[in-house]
Amino acid sequence: MSANTRAHDATTGGTPAAPAPFGVYFSLNNGLSDTKPSLKRHLSKMSGMYADDDAYRAMLEKEDTLLYEFYDLGVPEAEGNLAFGTSIVYPGKVGDEYFMTKGHFHTILDTSEVYYCIGGKGFMLMENPEGDVRIEAFSPGRAVYVPGRYAHRSINVGPEPLITFYVFRADAGHDYGSIETKGFRKIVMERDGAPVVVDNPKWK
Ligand SMILES: O=P(O)(O)OC[C@H]1O[C@H](O)[C@H](O)[C@@H](O)[C@@H]1O
Ligand SMILES: [Fe+2]
């Protein structure tokens, strides 16, 4: 399995079934599992997604930095199943814009997701197709509910990894299309040492 493809359970054809009961360890210190492989997204996978293209290019010339990693445990994509795991967004910025996930809508648009912050400091940026933009803070112990219809992106504004645990309907799917072409309406940048939410200059 390549590091950047989603792992999906090898059920033997037909309708994906419920998995057998299972447990998995995720570290409360760094968010990582000791047995499962993570999926990793590096800077090169985020072309055009940060506002400052010059800063992006300059950074990429030096190193293809690991921005975030997360788990896809391969729970079959069936209606009654839940997908879960941790997501770890590392600290840093491209220009003045904080490291973040790509962000996505769910393919089944009205499916929701819950995130629980285990470590670090950041935001969940959310936006629905009608243009309603919401932002919720992440700090250890805070849970965020992402309702159906809202695209969502995790943003790390602190000096430590932003670690969250997430759960969503396993058949929800990931729709990156409009996020990759238009982005979110708002972005989060550092100004005078603090995060500010500003209009995305690339949003059309
Ligand atoms: O898919 P991205 O927007 O790059 O975010 C990476 C991952 O973040 C979280 O862990 C979500 O629950 C995953 O479903 C998502 O795939
Ligand atoms: Fe999601």
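Just so it is clear, the model here is predicted, and its values are computed rather than measured. (Residues numbered from 1 in each chain as written. Chains lettered and ligands numbered in written order. Predicted model: local features only at pLDDT ≥ 70, side-chain atom pairs only at ≥ 80, totals over all residues. Heavy atoms only, no water.)

Chemist: Is there a simple way to think about the site of ligand 1 in this case?
Modeler: Taken together, 15 residues surround ligand 1, and among them Tyr 68, Gly 103, Glu 113, His 174 and Tyr 176 come closest. One nitrogen or oxygen atom from the side chain of His 104 is found 2.9 Å from an oxygen atom belonging to ligand 1. Sorting the residues of the shell around ligand 1 by element identifies β2 (66-70), β6 (113-119) and β11 (162-169) as the ones contributing at least two each. Along the lines of polarity and charge, the residues of the shell around ligand 1 split into six nonpolar, five polar and four charged. (Near = heavy atom within 4 Å. Polar contact = N/O pair within 3.5 Å; in protein donor to acceptor, adjacent residues only side chain to side chain. Helix = DSSP H or I, 4+ residues; strand = E, 2+ residues; numbered from the N terminus. Nonpolar A, V, L, I, M, F, W, Y, C, P; charged D, E, K, R; others polar.)

Chemist: What exactly am I supposed to notice about the pairing of β2 here?
Modeler: It is a general feature of regular strands that their side chains alternate between the two faces of the sheet. Counted residue by residue, β2 has four buried out of five residues, so it is predominantly covered. Strand direction decides the pairing type here: strand β1 (residues 39-42) and β2, joined by four bridges, are antiparallel. Among the inter-strand pairings, Lys 40 is bridged to a residue of β2, identified as Glu 69. Sheet analysis places β2 next to strand β3 (residues 82-89), joined by three bridges and oriented antiparallel. Bridging from a neighbouring strand, Glu 69 pairs with Ile 88 of β3. (Buried < 20%, exposed > 50% of the residue type's maximum accessible area, 1.4 Å probe, protein only. Pairing = 2+ DSSP bridges.)

Chemist: So what exactly am I meant to see when it comes to the side chain of Asp 72 here?
Modeler: Relative to the elements of secondary structure, Asp 72 occurs in the loop between β2 and β3. By relative accessible area, which is 16% here, Asp 72 ends up buried. For Asp 72, the side chain forms a polar contact with the main-chain nitrogen of Gly 74, separated by 2.9 Å.

Chemist: When you look at the environment of Tyr 115 in this model, what are you seeing that I'm missing?
Modeler: Along the chain, Tyr 115 falls in strand β6. According to the relative accessible area criterion, Tyr 115 is buried, its value standing at 7%. Sequence spacing of Tyr 115 and Ala 194 is 79 residues, and the spatial spacing of their C-alpha atoms is 23 Å. Those residues in contact with Tyr 115, other than ones at most four positions away along the chain, are Met 124, Phe 138, Arg 142, Ala 143, Val 144, Val 146, His 152, Ser 154, Thr 164, Phe 165 and Tyr 166. At 2.9 Å, the side chain of Tyr 115 and the side chain of Glu 113 are in polar contact. (Contact = heavy atoms within 4.5 Å.)

Chemist: Please explain the pattern of salt bridges as it appears in this structure.
Modeler: For side chains bearing opposite charge, pairing can occur when the charged atoms are close. What the rule picks out here adds up to 11 salt bridges. With a shortest N-O distance of 3.8 Å, Lys 40 and Glu 69 are connected by a salt bridge. A residue pair is termed long-range when its members are at least 10 positions apart, and Lys 40 in strand β1 and Glu 69 in strand β2 qualify at 29 residues. Since its relative accessible area comes to 29%, Lys 40 is described here as partly exposed. Between Asp 53 and Lys 202 there is a salt bridge, with its nearest N and O atoms 2.8 Å apart. Residue Asp 53 is found in helix α1 (residues 53-62), and its partner Lys 202 is found in the segment after β13 (194-199); the two are separated by 149 residues along the sequence. Given a relative accessible area of 22%, Lys 202 falls into the partly exposed group. (Salt bridge = Lys/Arg side-chain N within 4 Å of Asp/Glu carboxyl O.)

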